[in-house]
Amino acid sequence: MANKKKLIWQVPFLVLLVVGSVLIIRQQQNTPYQHNQGFIFGTVYNITYQSDKDLNEEIVAVLKQVDASLSMFNEQSTISKINRNEPVKPDRMFIEVFELAKKVSEETGGAFDITVAPLVNAWGFGFKQGQMPEKQTVDSLLSIIGFKKIDLKGGIIVKQDPRIMLDCSAIAKGYGSDVVARLLRSRDVKNFMIEIGGEVVTSGISEKRLPWKIGVTKPTDDSLSVNQELQTILNVTDKAMATSGNYRNFYYKNGKKYAHTIDPKTGHPVQHNILSATVLANNCAIADAYATSFMVLGLDEACKVLDKHPELMAYFIYSDKNGENAVWFSPSMKSKIIE
């Protein structure tokens, strides 16, 4: 009898629970997906998210904050002032990226290094084009390159040499994607895909009620970015993804190809076998930084770093001993590969 009474009391609650769940699901299905796009950090952003409100104004505002902190092309940004040795107290965003960059530098033995800017400029990439640098120029610049030659002390950046310049371009787009993701989550947006210049953060499901699928472009010499042939498609739901490759940023000099990724240790463009490095991580700044690091390290050394970081997933397209394109990926990446 007591069990029967208990059951009678539970029925209304179960009905309310079922009805409430149905209403929530219906509301989620009826909530539209917004599509915002624009231009930031010298590249294009595309953001899709499920919300009753168009949040583009807020998105642009936070992206401008990142630009004001980390853009080398913004003369009034925090990083530009630091590079000119002007007295400036780094903002919260700069400090967050600086500390993250130092950590990745340490974990990769200096393969990732935000002090590489003078070498990038000398080789003709960055904010000026130039001739191939002389050996003595490269050697001279190497003396001021090194993540251990800068530090954050008492809330300000301290350089061992005033000629040291910082370049956060290999982490800023990923960080920008993370910042937008934080904004959307703070507005209780559950389903979204953020893409800034190829760096991606996703959550939940797409407009088609399916997991987010992101393609990895096949690496062919494509300085005009017209090649859209895909090597594979990955399920990137609830992950961040970044890809680094030398197949779109390069130039030829005297018949030799020079990639845009500079090895901070040698001072020269990398000549390793990785053509494209795609990294999945829990945040995009991390994915962005490690993707660049792996391009510098090459396949064998990159795999050693991955052994120490099981939280990272990587998909490498590389040139094998016969000069043919081949693929290597982390065992944990296998479940993410759709085709």
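Everything discussed here concerns the structure shown above.
Residues numbered from 1 in each chain as written. Predicted model: local features only at pLDDT ≥ 70, side-chain atom pairs only at ≥ 80, totals over all residues. Heavy atoms only, no water.

Engineer: Hey, could you run me through the overall build of the protein chain in this one?
Structural biologist: Looking only at helices and strands, one finds nine helices and 14 strands in the protein chain. For the protein chain, the accessible area works out to roughly 17700 Å², and carbon and sulfur atoms hold 54% of it. (Helix = DSSP H or I, 4+ residues; strand = E, 2+ residues; numbered from the N terminus. Areas by Shrake-Rupley, 256 points an atom, 1.4 Å probe, with all protein chains shown as cover.)

Engineer: Just checking my understanding: could you explain the environment of serine 177 for this structure?
Structural biologist: Here serine 177 lies in helix 7 (residues 169-186). Overall, the relative accessible area of 0% leaves serine 177 in the buried class. In this structure the C-alpha to C-alpha distance between serine 177 and threonine 202, which are 25 residues apart in sequence, comes to 9.6 Å. Setting aside chain neighbours within four positions, we find serine 177 in contact with Ile194, Ile196, Glu199, Val201 and Cys284. Here the side chain of serine 177 touches glutamate 199 through a polar contact of 3.4 Å, landing on its backbone oxygen. (Buried < 20%, exposed > 50% of the residue type's maximum accessible area, 1.4 Å probe, protein only. Contact = heavy atoms within 4.5 Å. Polar contact = N/O pair within 3.5 Å; in protein donor to acceptor, adjacent residues only side chain to side chain.)

Engineer: How do you make sense of the side chain of glutamine 34 when you look at a structure like this?
Structural biologist: Checked against the element boundaries, glutamine 34 lands in strand 1 (residues 33-40). Of note is the side chain of glutamine 34, whose polar atom sits 2.9 Å from the backbone oxygen of serine 51.

Engineer: Help me understand helix 7, please; the structure alone is not making it clear to me.
Structural biologist: Side chains of residues three or four places apart in an α-helix project in the same direction, reflecting 3.6 residues per turn. Between its first and last C-alpha atoms helix 7 spans 26 Å; for 18 residues at 1.5 Å apiece the expected length is 26 Å, and the two agree. Turning to helix 7, its buried residues number three or more, namely Ile171, Ala172, Gly174, Tyr175, Gly176, Ser177, Asp178, Val179, Val180, Ala181, Leu183 and Leu184. Looking at the packing, one finds that the buried side of helix 7 touches strand 2 (43-50), helix 2 (56-70), helix 4 (92-107), strand 5 (192-196), strand 6 (199-203) and helix 8 (284-297). Aspartate 188, located one to two residues past helix 7, shows a positive phi value of around 65 degrees. (Expected span 1.5 Å × (residues − 1).)

Engineer: Help me out: how do you make sense of the packing of aromatic side chains in this one?
Structural biologist: Between two aromatic rings, the relevant description is the distance of the centres plus the angle of the planes. Summed over all chains, the structure comprises five aromatic pairs. Look at phenylalanine 94 and phenylalanine 98: their rings are 6.0 Å apart centre to centre, the planes differ by 15 degrees, and that puts the pair in the stacked class. On the criterion of helical spacing, the pair formed by phenylalanine 94 and phenylalanine 98 is a turn pair, its members being four residues apart in helix 4. Judged by its relative accessible area of 3%, phenylalanine 98 falls in the buried class. Consider the rings of tyrosine 290 and phenylalanine 294, whose centres lie 5.8 Å apart with planes at 40 degrees: the pair is tilted. You can see tyrosine 290 and its partner phenylalanine 294 sitting in helix 8, four residues apart, about one turn around the helix. The pair tyrosine 290 / phenylalanine 294 is uniform in exposure class, with both members buried. (Phe/Tyr/Trp six-rings, centres within 6.5 Å; stacked < 30°, edge-to-face > 60°.)

Engineer: Explain the nonpolar core to me, please; I cannot follow it from the model alone.
Structural biologist: The biggest cluster of nonpolar side chains holds 81 residues, and the ones touching the most others in it are Ile59, Leu184, Ile194, Phe294 and Phe316. Element by element, the count of residues in this core is highest for helix 8, at eleven residues. What isoleucine 59 contacts, discounting residues up to four positions off in sequence, is Asn36, Ile47, Tyr49, Val180, Leu183 and Leu184. (Core = buried A, V, L, I, M, F, W, Y, C linked by side-chain atoms within 4.5 Å.)

Engineer: Whenever I open this one, the sheet that holds strand 13 (residues 313-319) confuses me. Can you help?
Structural biologist: Remark on secondary structure: sheet strands pair via backbone hydrogen bonds, oriented parallel or antiparallel. With antiparallel pairing, the eight strands of this open sheet are ordered in space as 1-2-5-6-9-12-13-14. Among the strands making up the open sheet, the edge pair consists of strand 1 and strand 14 (325-329). Looking at each pair of strands side by side, their axes are set apart by 10 degrees on average, direction ignored. Taken together, the eight bridges between strand 1 and strand 2 define a ladder with antiparallel strand orientation. Counted as the bridge partner of histidine 35 is threonine 48 from strand 2. Helix-sheet contacts for helix 7 involve strand 2, strand 5 and strand 6, and the interaxial angle to strand 5 is about 155 degrees. Contacts from helix 9 (residues 299-308) reach strand 12 (274-281), strand 13 and strand 14, with the element oriented near 170 degrees to strand 13. (Pairing = 2+ DSSP bridges. Axes fitted to C-alpha atoms, helices over the stretch in contact; angles between N-to-C directions.)

Engineer: Looking at this structure, I do not really get the pattern of salt bridges. What am I missing?
Structural biologist: Following the criterion strictly, the structure yields eight salt bridges and no others. The residue arginine 84 makes a salt bridge to glutamate 86 at a minimum N-O spacing of 2.7 Å. Of the charged contacts, one joins lysine 135 and aspartate 139 as a salt bridge, the two residues approaching to 2.8 Å between their closest N and O atoms. Of the two residues, lysine 135 and aspartate 139 are both situated in helix 6 (residues 135-142); the distance of four residues between them amounts to about one turn of the helix. (Salt bridge = Lys/Arg side-chain N within 4 Å of Asp/Glu carboxyl O.)

Engineer: Help me out: how do you make sense of the pairing of strand 12 in this one?
Structural biologist: Side chains on a regular strand alternate between the two faces of the sheet. In terms of burial, strand 12 is a largely internal element, seven of the eight residues being buried. Bridge analysis of strand 9 (residues 240-245) against strand 12 gives six bridges, and the strand direction is antiparallel. In the strand pairing of strand 12, alanine 242 is matched with valine 279. Note: strand 12 against strand 13, six bridges, orientation antiparallel. For threonine 278, the partnering residue across the bridge sits in strand 13 and is tyrosine 315.

Engineer: Hey, could you run me through unusual backbone geometry in this one?
Structural biologist: One can expect most non-glycine residues to show negative phi and most peptide bonds to be in trans. A positive phi is found at phenylalanine 41, a non-glycine position, where the angle reads about 55 degrees. Within the fold, phenylalanine 41 resides in the loop between strand 1 and strand 2.

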